[in-house]
Amino acid sequence: MKPISIFYGSTSGNTRKIAENIKANLEPGLVKIFDVKYAKIEDIEMYENIILGTSTWGEGILQADFEKFLINILVKANLKGKKIAIFGTGDSSLYPKSFADSMGIIFEALEGKGVIFVGEFPTDGYQFISSLSMFGDKFVGLPLDDNSDEEQNKLRMSIWTELLKSSLN
Ligand SMILES: Cc1cc2nc3c(=O)[nH]c(=O)nc-3n(C[C@H](O)[C@H](O)[C@H](O)COP(=O)(O)O)c2cc1C
């Protein structure tokens, strides 16, 4: 596998911890983590394999740092032909109508830019009413739910990272 970058936005630290766990589940020597607060356009354009992860705030709003990153960097970067996987944190019990919406917002912002999305995840077992991240019977990436127990999230993460190993460059 070629090097992988993980760009995360996190307000209270949940998504940052998950980014570290995803790195540990992949090949750690190949993975570099970037906090989007400090990321530059060159950081993202250097990689062929990119993982984007952030939480949802408000009711269906992108995490604040990630929103700035999306507007100022992500949509301006040349991402043609790059493999992109998305994960998102959220809470299906407190926010069942906007569960992990951030993933769908990122997906829509990058559609049409020639990227190759990987890492879709089945909605089976998740309890929510609606999500911008759901297309058909799948999520555009991996949602990790504050409302699921740790073992469940660990299992989902390990299934997802195994999938990425076979779908990234
Ligand atoms: C004020 C507030 C609004 C939130 N809104 C949503 C939401 O609309 N959808 C969702 O799935 N989760 C929502 N959440 C849950 C967070 O996304 C979740 O706690 C996440 O793990 C936080 O990650 P972070 O610490 O990396 O920012 C909200 C949490 C708070 C405190």
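Quick summary incoming for the structure in this document.

1. What about the overall build of the chain?
Looking only at helices and strands, the chain has five helices and ten strands in total. Computed over the C-alpha atoms, the radius of gyration of the chain is 14 Å, within 12% of the 15 Å expected from 2.2 N^0.38 for a compact globule of 169 residues. Dimensions of the chain along its principal axes, counting C-alpha atoms only, are 40 × 30 × 30 Å. Sequence-distant contacts, at least 24 apart, represent 76% of the contacts inside the chain between residues at least 6 apart.

2. Some remarks on the sheet that holds strand E7 (residues 121-122)
Here three strands make up an open sheet; going across it, the order is E7-E9-E8 and the pairing antiparallel. Pairing within the sheet leaves two strands with one partner each, and these edge strands are E7 and strand E8 (134-135).

3. Quick word on the site of the ligand
Close to the ligand lie 20 residues, the nearest being Ser-10, Ser-12, Thr-15, Ser-98 and Asp-146. Residue Ser-55 places a side-chain N or O atom 2.7 Å away from an oxygen atom belonging to the ligand. In this structure, an oxygen atom belonging to the ligand sits 3.1 Å away from a main-chain N or O atom of Asp-91. In the complex, the protein chains occlude 85% of the 650 Å² of accessible area that the ligand would expose alone. Mapped by element, the contributors of at least two residues to the shell around the ligand are helix H1 (14-25), strand E3 (49-57) and strand E5 (83-90). The class makeup of the residues in the shell around the ligand is four nonpolar, 13 polar and three charged.

4. Structural notes on the pattern of salt bridges
Within the structure shown, the criterion is met by five salt bridges. In this structure, the salt-bridge partner of Glu-151 is Lys-154, at a minimum N-O distance of 3.9 Å. Note that Glu-151 and Lys-154 are positioned in helix H5 (residues 150-167) at a spacing of three residues, about one turn of the helix. Here Lys-165 ties to Glu-162 by a salt bridge, and the two come within 2.9 Å at their closest N and O atoms.

5. A few points about the nonpolar core
Counting 48 residues, the largest nonpolar core has Ile-44, Ile-51, Leu-52, Phe-69 and Leu-74 as the members making the most contacts within it. Leave out the neighbours within four places in its chain, and Ile-44 touches Phe-7, Ile-50, Leu-52, Phe-69, Ile-73, Leu-74, Ala-77, Leu-79 and Lys-82.

6. Side note on the packing of H1 against H5
Where H1 contacts H5, the two axes come as close as 10 Å, and the packing angle between them is 55°. Considering the angle they form, H1 stands oblique to H5. Handedness of the crossing formed by H1 with H5: right-handed. From H1, Ile-18, Asn-21, Ile-22 and Asn-25 reach across to H5, where they touch Met-157, Ser-158, Trp-160, Thr-161 and Lys-165. Broken down by class, the residue content of the contact of H1 with H5 amounts to four nonpolar, four polar and one charged.

Cut-offs and rules
- Residues numbered from 1 in each chain as written.
- Predicted model: local features only at pLDDT ≥ 70, side-chain atom pairs only at ≥ 80, totals over all residues.
- Heavy atoms only, no water.
- Helix = DSSP H or I, 4+ residues; strand = E, 2+ residues; numbered from the N terminus.
- Rg over C-alpha atoms; globule rule 2.2 N^0.38 Å.
- Contact = heavy atoms within 4.5 Å.
- Pairing = 2+ DSSP bridges.
- Near = heavy atom within 4 Å.
- Polar contact = N/O pair within 3.5 Å; in protein donor to acceptor, adjacent residues only side chain to side chain.
- Areas by Shrake-Rupley, 256 points an atom, 1.4 Å probe, with all protein chains shown as cover.
- Nonpolar A, V, L, I, M, F, W, Y, C, P; charged D, E, K, R; others polar.
- Salt bridge = Lys/Arg side-chain N within 4 Å of Asp/Glu carboxyl O.
- Core = buried A, V, L, I, M, F, W, Y, C linked by side-chain atoms within 4.5 Å.
- Buried < 20%, exposed > 50% of the residue type's maximum accessible area, 1.4 Å probe, protein only.
- Axes fitted to C-alpha atoms, helices over the stretch in contact; angles between N-to-C directions.
- Parallel < 35°, antiparallel > 145°, perpendicular 65-115°, else oblique.
- Left-handed = near helix turned anticlockwise from the far one by under 90°.

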